[in-house]
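Spelled out, the chains give:
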Amino acid sequence: MLLSTTNTIEGHTIKQYHGVISGEAIIGANLFKDIFASITDLVGGRSGSYERVLREAKQNAMQELEYNARALGANAVVGIDLDYETIGQSSSMLMVTASGTAVTFE
């Protein structure tokens, strides 16, 4: 399965458009990650724990996107866009949405 942020696949022709699809992932950040992130905010630097959570959420959303494309008989998803939102009480959860167009190319 080819996953691309571009709207075309260089060197190939898109034969069929299956429609817009999406994949979502919601992951909560726990208390310990919040504490360490607060310390990082004070002293500067990157928060490795939040970065890992963010990568995991993105990977889960992309896997769901691919699963949904396969269910439609597509062999690629083009025009992929990733959106990130915090949700829940105190913005304690991270939602990642991946959307794109499922296509069949030759």
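Residues numbered from 1 in each chain as written. Predicted model: local features only at pLDDT ≥ 70, side-chain atom pairs only at ≥ 80, totals over all residues. Heavy atoms only, no water.

Our next topic: the overall build of the protein. The number of helices and strands found in the protein is two helices and four strands. Its helices and strands taken in sequence order, the protein reads β-β-α-α-β-β from the N to the C terminus. Taken across its 106 residues, the protein has 29% of its residues classed as buried. A separation threshold of at least 6 residues defines the contact pool for the protein, and within that pool the share at least 24 residues apart is 77%. Put simply, the protein shows about 6700 Å² of open surface, and 52% of that area lies on carbon and sulfur atoms. (Helix = DSSP H or I, 4+ residues; strand = E, 2+ residues; numbered from the N terminus. Buried < 20%, exposed > 50% of the residue type's maximum accessible area, 1.4 Å probe, protein only. Contact = heavy atoms within 4.5 Å. Areas by Shrake-Rupley, 256 points an atom, 1.4 Å probe, with all protein chains shown as cover.)

Here we take up the sheet that holds strand E1 (residues 2-3). The four strands lie next to each other as E1-E3-E4-E2, forming an open sheet whose pairing is mixed. Strands at the two margins of the open sheet, each flanked by one partner only, are E1 and strand E2 (14-28). Strand direction decides the pairing type here: E1 and strand E3 (residues 76-87), joined by two bridges, are parallel. Within E3, the position partnered with Leu3 by the bridge is Val77. (Pairing = 2+ DSSP bridges.)

By size, the foremost hydrophobic cluster in this structure holds 16 residues, and its most contacted members are Ile21, Ala57, Leu65, Ala69 and Val77. Top contributing element to this core by residue count: helix H2 (residues 48-71), with six residues. Contact partners of Leu65, with chain neighbours within four places excluded, come to Ile21, Ser22, Gly23, Val77, Ile80, Ala98, Ser99 and Gly100. The next biggest cluster of nonpolar side chains, apart from the first, holds six residues, and it includes Ile14, Ala76, Val78 and Val103. (Core = buried A, V, L, I, M, F, W, Y, C linked by side-chain atoms within 4.5 Å.)

Time to look at the confidence of the model for the protein. For the protein, per-residue confidence averages 84 on the pLDDT scale, and residues scoring 70 or more make up 79% of the total. The least confident element of the protein is helix H1 (residues 31-43), whose mean pLDDT is 46; the most confident is E1, at 97. In the model, residues 39-43 has pLDDT below 50 throughout and makes three contacts with residues more than four positions away in sequence or in other chains. (pLDDT = per-residue confidence, 0-100.)

Of note, Ala98 is situated in strand E4 (residues 93-105). Spatially, the C-alpha atom of Ala98 lies 5.4 Å from that of Ser22, the residues being 76 residues apart in sequence. Ala98 has contacts with Ile21, Ser22, Gly23, Ala61, Met62, Leu65, Asp81 and Leu82, leaving out every residue within four places of it along the chain.

Moving on: the pattern of salt bridges. Per the counting criterion, the structure on display carries one salt bridge. For Arg70, the salt bridge is made with Glu66, and the minimal N-O distance between the two is 2.7 Å. One end of the pair is Arg70 and the other is Glu66, both in helix H2 and four residues apart, which spans about a single turn. With a relative accessible area of 47%, Arg70 lands in the partly exposed category. Using a relative accessible area of 22% as the deciding quantity, one classes Glu66 as partly exposed. (Salt bridge = Lys/Arg side-chain N within 4 Å of Asp/Glu carboxyl O.)

Here the focus is the side chain of Thr97. One can find Thr97 in strand E4. Sequence-distant contacts of Thr97, defined by excluding residues within four places in its chain, comprise Ser22, Gly23, Glu24, Asp81, Leu82 and Asp83.

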